[in-house]
Amino acid sequence: MAVRDSASLLVGLVVLLHTWRAWAAVEVNMKDKVEVNLGEKAQIPCLYTSDDGIGGLTIEWFYEKGLGVKKRFFQQAGLMKTVDNSTHFTERISVNHSNNTMMLTIRDVKLEDQLDYICAVKGLTDGSGEGRTKLRVFVKPEPPTIEGVQNGISVNEEVTSLVGSCEVKNGYPRPNITWYKDNMPLRINKNEVEVESTVTTQSSGLFSVKSELKKKIVKEDKDALFYCEVTYFVAGSTMMSETRQINVNVLYPSTAVKIWVESPKGKIKEGDSIELHCKGDGNNPSSLFLIKYLKGNANWENDTVLLENVTRQNSGVYECISTNTENFEDISNNTEVFVNYLDPAVVMPNNVMVMAKGNELKATCNALSSLQTKTAWFKNGQEVSEGHTLILKNVTFDTAGVYKCVVTVPEIEGMTTSSSLRVHVEGQPEIMETPLTVIETFDKTVELVCDVRGYPAPTITWIVSDGMVPDSDNHMTTTDYGTKSVVMVDVTSNATAVCNASNEHGTDMRTFNIKAKTIIQTTTPAITTISSVTVINTTTAVITTNYSTTATASPPKTIKKESNGFIIAVLIVCVLLLAILGSVLYFLYKKGKICGRAGKQDLTREKSSKDNIVVEMKSDNTEEAILLGVNGEKQPPNDQ
């Protein structure tokens, strides 16, 4: 019993000793891991507790590469610090102490800095302790890329086909790639969906991943959108990036075809060009198409047909046949084409209608058409009636003319036809009112117009008072309502012209009075003094009475003459007056009345109301004006 008690006491002492030593040991606390992105700054703290002060502690930093091999790169014994210069990050690290914390800082972190870092603390009396932190370095990869297959994939393939490949480069740690179809992740299923990934480690230690998607293609994949999602890690979080979406050209046979008129849209009319299209609901470039016209047995080995300038004969059923070249099965469909038509308009009575005054005009216009039509009658561009029938009561010469019947199809723009009816109203000639029957002219010829209504077309003749008969045959034209004549008449004196129109029903005439007008020009002297000798030159001018002190020539004055004899008499009088004036001046010169006076002398011939001839003489050196009569005597100014 005593031995048993002694053993228990010994065990208790041993336990107490170990407990006291644990309370007195150094404690070190460190994070399990520190995460940092490439190129950033990493800080790894080491917290310790010890009764010994910093002077009684030895603190060491190690890194462990693997297989338990540690290498020291920093030591602090008391206040003495030592840094090992043989490490790859010697120039990029620093260690600072503050409040029982040793802080290891690594600047510009490299990928090779991803290691386990150990902090060991040893006291003089408290024993020792250590802790470790794993430094994790992250590199964001480049944006992912995706490439789809360029050729089509047939649904008849018995094995999976390559849909596309996705690649992400230069990431750390290794990125992950997931394939999606229409926003849903694809699950690997043997013989249905297969994904093959290839990982490449670059010399820098970064990873590149390439993933290929293979799938058993079905018809429903023709509208599907495929893309891949890349998951990668950064310090403190997980990130995701998506590629663009791609579509696969799925080849599948047609189960049905359709044929339709691509143009024109809407109803078709004769003269149009028809474009027929044929297409199956599949996607198979090797399919063959044939378009047949069942009515005429015409065939076109194509999926489109252009029929130009169609007629109603092109109406009928057109069939499209599609042949699958893989199994040579045919599918077909058809459509019916109808070409609308509008026959030429027919007017009854035909072409020309002759009527007597006062009768009733009735005409009809019809055009056969496949659609509803609208008919209107026009005369001189103005609508005069609407409907198939034209009725005009109590016709007159105003009724005569050309009536145009226009038939249109309102449902189709540009579908129209027309025909004309010429209407003649019988009756004796009627010369239409002329705005001018009295003509005054300076010209040598005058144009006369005679416009006559009547049917049969009147014959027009002209008679002129001077005996000249114009050639009216060459100037006579037939109009809708009768005849029109335009002639040129020579004017030598006053004359009268008569237009005479006649047909089998009677005659009518119109008189035109022509008055000739003539411009008469007379002469006025222009006096020039040369070395005290006055020379008289004559120029053409109209004689005017002028009281100015300077000789001038007035513009021509128009004088109406009733005959050539009166004109000749006026000319003779003017010549006599000029002769008298010249004689007087010559007489004065011989008598010495006109001698070399200073300055320039202006002579002006004036004609008074009593036909007195007066010459005014004015010197440049005096303000006095001397008026000389015919005999050379002075006359006071009030005697003028």
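Each chain carries its own residue numbering, running from 1 in the written order of its sequence. The predicted origin of the model limits local features to residues at a pLDDT of at least 70 and limits the giving and counting of side-chain atom pairs to 80 or more, whereas totals for whole chains, interfaces and linings rest on all residues. For the side-chain quantities, the full set of heavy atoms in the structure was used; hydrogens and water were omitted.

Student: Report on the overall build of the chain, specifying residues and quantitative values.
Tutor: When its secondary structure is counted, the chain shows two helices and 50 strands. The 640 residues of the chain split such that 36% are buried. Working rule for contacts: check all heavy atoms of both residues, and any pair within 4.5 Å makes them a contact. For the chain, contacts bridging at least 24 residues in sequence account for 59% of all contacts bridging at least 6. What sets the accessible areas is the Shrake-Rupley method with a 1.4 Å probe; for residues, cover comes only from the shown protein chains. With an accessible surface of roughly 37700 Å², the chain has 51% of that area assigned to carbon and sulfur atoms. Counting from the N terminus, the helices are the DSSP runs of H or I reaching at least four residues and the strands are the DSSP runs of E reaching at least two. Note on classification: 1.4 Å probe, protein chains only; a residue is buried when its accessible area is under 20% of the maximum for its type, exposed when over 50%, partly exposed between these limits.

Student: An account of the side chain of D113 is needed here, citing residue identities and associated values.
Tutor: Counting through the fold element by element, D113 comes out in the loop between β8 (101–106) and β9 (116–123). If we ignore the near neighbours within four places in the chain, the residues touching D113 are H88, F89, R92, I106, D108, L135 and V137.

Student: Could you give an account of the environment of K357, with specific residues and numbers?
Tutor: Looking at where K357 falls in the secondary structure, it is placed in the loop between β31 (352–356) and β32 (361–366). The contact partners of K357, leaving out residues within four places of it in the chain, are V395, F397, V425, E426 and E430. Definition of a polar contact: a pair of N or O atoms within 3.5 Å, with one able to donate and the other able to accept a hydrogen when the atoms are protein atoms, and with sequence-neighbouring residues admitted only if both atoms are side-chain atoms. Only 3.1 Å separates the side chain of K357 from the side chain of E430, close enough to count as a polar contact.

Student: Tell me about the pattern of salt bridges, and please be specific about residues and values.
Tutor: Here, a salt bridge means any side-chain nitrogen of Lys or Arg that lies within 4 Å of a carboxyl oxygen of Asp or Glu. In total, this model carries 22 salt bridges according to the counting rule given. Among the ionic pairs, D272 bridges to K269, the shortest N-O distance being 3.1 Å. Classification of K269 as buried rests on a relative accessible area of 18%. Beyond isolated ion pairs, a larger network of salt bridges with shared partners links E64, D116, R132 and K134.

Student: Give a description of the environment of T511 that names residues and reports values.
Tutor: Looking at the secondary structure, you find T511 in strand β44 (residues 506–516). Assessed through its relative accessible area of 34%, T511 is described here as partly exposed. C-alpha separation for the pair T511 and A497, spaced 14 residues apart in sequence, amounts to 5.8 Å.

Student: Please give an account of unusual backbone geometry that cites residues and values.
Tutor: At the junction of S263 and P264, the peptide bond is cis and its omega measures out at 0° in the coordinates. Assignment of secondary structure puts P264 in the loop between β21 (257–263) and β22 (268–269). Here the amide bond leading from M348 into P349 is cis, since omega sits at -5°, within 30 degrees of zero. Positive phi is not limited to glycine here, since N297 has a value of about 60°.

Student: Could you give me a rundown of the state of the cysteines, with the residues and numbers involved?
Tutor: Cysteine sulfur pairs qualify as disulfides if the two atoms are within 2.5 Å. Applying the stated criterion to the full structure yields five disulfides. The connectivity of the disulfide bonds within the chain can be written as 1-2, 3-4, 5-6, 7-8, 9-10, using the sequence rank of each bonded cysteine.

Student: Describe the sheet that holds strand β15 (residues 184–185), naming the residues involved and giving the relevant values.
Tutor: Backbone hydrogen bonds are what pair the strands of a sheet, in a parallel or an antiparallel way. A sheet is described by the order of its strands in space; here four strands give the open sequence β15-β14-β18-β19, paired in antiparallel fashion. Since the sheet does not close on itself, it has two edges, and those belong to β15 and β19 (237–242), each with one partner. Any two strands with at least two DSSP-identified bridges between them are counted as paired.

Student: Explain the side chain of T87 to me, and be specific about the residues and the numbers.
Tutor: Along the polypeptide, T87 turns up in the loop between β6 (80–83) and β7 (93–97). T87 gets classed as buried once you look at its relative accessible area, which sits at 9%. Of note is the side chain of T87, whose polar atom sits 2.5 Å from the side chain of T90. If sequence neighbours within four positions are ignored, T87 has contacts with Y63, K71 and F73.

Student: Could you give me a rundown of the packing of aromatic side chains, with the residues and numbers involved?
Tutor: Stacked, tilted and edge-to-face are the three classes assigned to paired rings of Phe, Tyr and Trp, where Trp is represented by its six-membered ring and a pair needs centres within 6.5 Å; plane angles under 30 degrees give stacked, over 60 edge-to-face, the rest tilted. Tallied over the entire structure, the rule returns ten aromatic pairs. Three or more aromatic residues joined by ring pairs make a cluster, and in this case those are Y63, F73, F89 and Y117. Looking at K70, its charged tip hangs above the ring of F62, at a distance of 5.1 Å from the centre. Just above the ring of W260 sits the side chain of K258; from NZ or CZ to the centre is 5.1 Å. In this scheme, Lys NZ or Arg CZ marks a charge over a ring once it lies within 6 Å of the ring centre and within 35 degrees of the ring normal.

Student: Summarise the sheet that holds strand β24 (residues 288–293); cite the residues concerned and give the values.
Tutor: Overall, antiparallel pairing links the four strands, which are arranged β25-β24-β27-β28 in an open sheet. Every other strand in the sheet has two partners, leaving β25 (298–300) and β28 (330–337) as the edge strands with one partner each. Put simply, the sheet's adjacent strands are angled 20° from each other on average, direction ignored. Pairing of β24 with strand β27 (residues 316–323), which is carried by six bridges, proceeds in the antiparallel orientation. Following the sheet pairing, L290 is matched in β27 by I321. What counts as an axis is a line fitted to C-alpha atoms, over the stretch in contact for a helix, and the angles between N-to-C directions run from 0 to 180 degrees.

Student: How would you sum up a nonpolar patch on the surface? Please name residues and give values.
Tutor: Together, I568, I572 and L576 make up an exposed nonpolar region whose accessible area comes to about 300 Å². Inspection of the secondary structure puts I568 in helix α2 (residues 564–591). Each patch groups residues whose relative accessible area exceeds 30% and which form no salt bridge, using 9 Å between like charges and 5 Å between nonpolar side chains of Val, Leu, Ile, Met, Phe, Trp and Tyr.

Student: Residues and numbers for the pairing of strand β14 (residues 176–181), please.
Tutor: Of the pairings in the sheet, the one linking β14 to strand β18 (residues 226–234) comprises six bridges and is antiparallel in character. Bridged to I177 within β18 is V230. Counted between consecutive antiparallel strands, the loop separating β14 from β15 contains two residues, among which D182 sits at a positive phi close to 50°.

Student: Describe the pairing of strand β40 (residues 459–464), and please don't skip the residues or the numbers.
Tutor: The alternating pattern of β40 places I460, W462 and V464 on a buried face, while none of T459, T461 and I463, on the opposite face, is buried. Bridge count for β40 against strand β43 (residues 495–503) is six bridges, and the pairing is antiparallel. Its bridge partner being in β43, T459 is matched across the sheet by S502.

Student: Which residues make up the nonpolar core, and what values do they have?
Tutor: By size, the foremost hydrophobic cluster in this structure holds 32 residues, and its most contacted members are W61, F73, L104, Y117 and L135. Secondary structure elements with two or more residues in this core: β2 (33–37), β3 (42–49), β4 (57–66), β5 (69–77), β7, β8, β9 and β10 (128–138). Side-chain atoms within 4.5 Å are what join buried Ala, Val, Leu, Ile, Met, Phe, Trp, Tyr and Cys residues into a set we call a nonpolar core. The next biggest cluster of nonpolar side chains, apart from the first, holds 24 residues, and it includes M353, A363, L371 and V395.

Student: Account for the confidence of the model for the chain, naming residues and giving values.
Tutor: pLDDT is defined as a per-residue confidence score from the predictor, taking values between 0 and 100. Considering every residue of the chain, the mean pLDDT works out to 80; 78% of them sit at 70 or more. Long-range and interchain partners of residues 1–24, a stretch whose pLDDT sits below 50, account for one contact in this model, where long-range means more than four residues apart. Throughout residues 523–564 the model reports pLDDT below 50, and contacts reaching past four residues in sequence, or to other chains, amount to 81 contacts.

Student: An account of the environment of Y481 is needed here, citing residue identities and associated values.
Tutor: Note that Y481 resides in the loop between β41 (476–478) and β42 (482–490). Its relative accessible area of 27% is what places Y481 among the partly exposed residues. The spatial distance from the C-alpha of Y481 to the C-alpha of D451 is 9.6 Å, given a sequence separation of 30 residues. Setting aside chain neighbours within four positions, we find Y481 in contact with A400, M432, D451, V452, R453 and G454. Side chain to side chain, Y481 and D451 meet in a polar contact 3.0 Å long.

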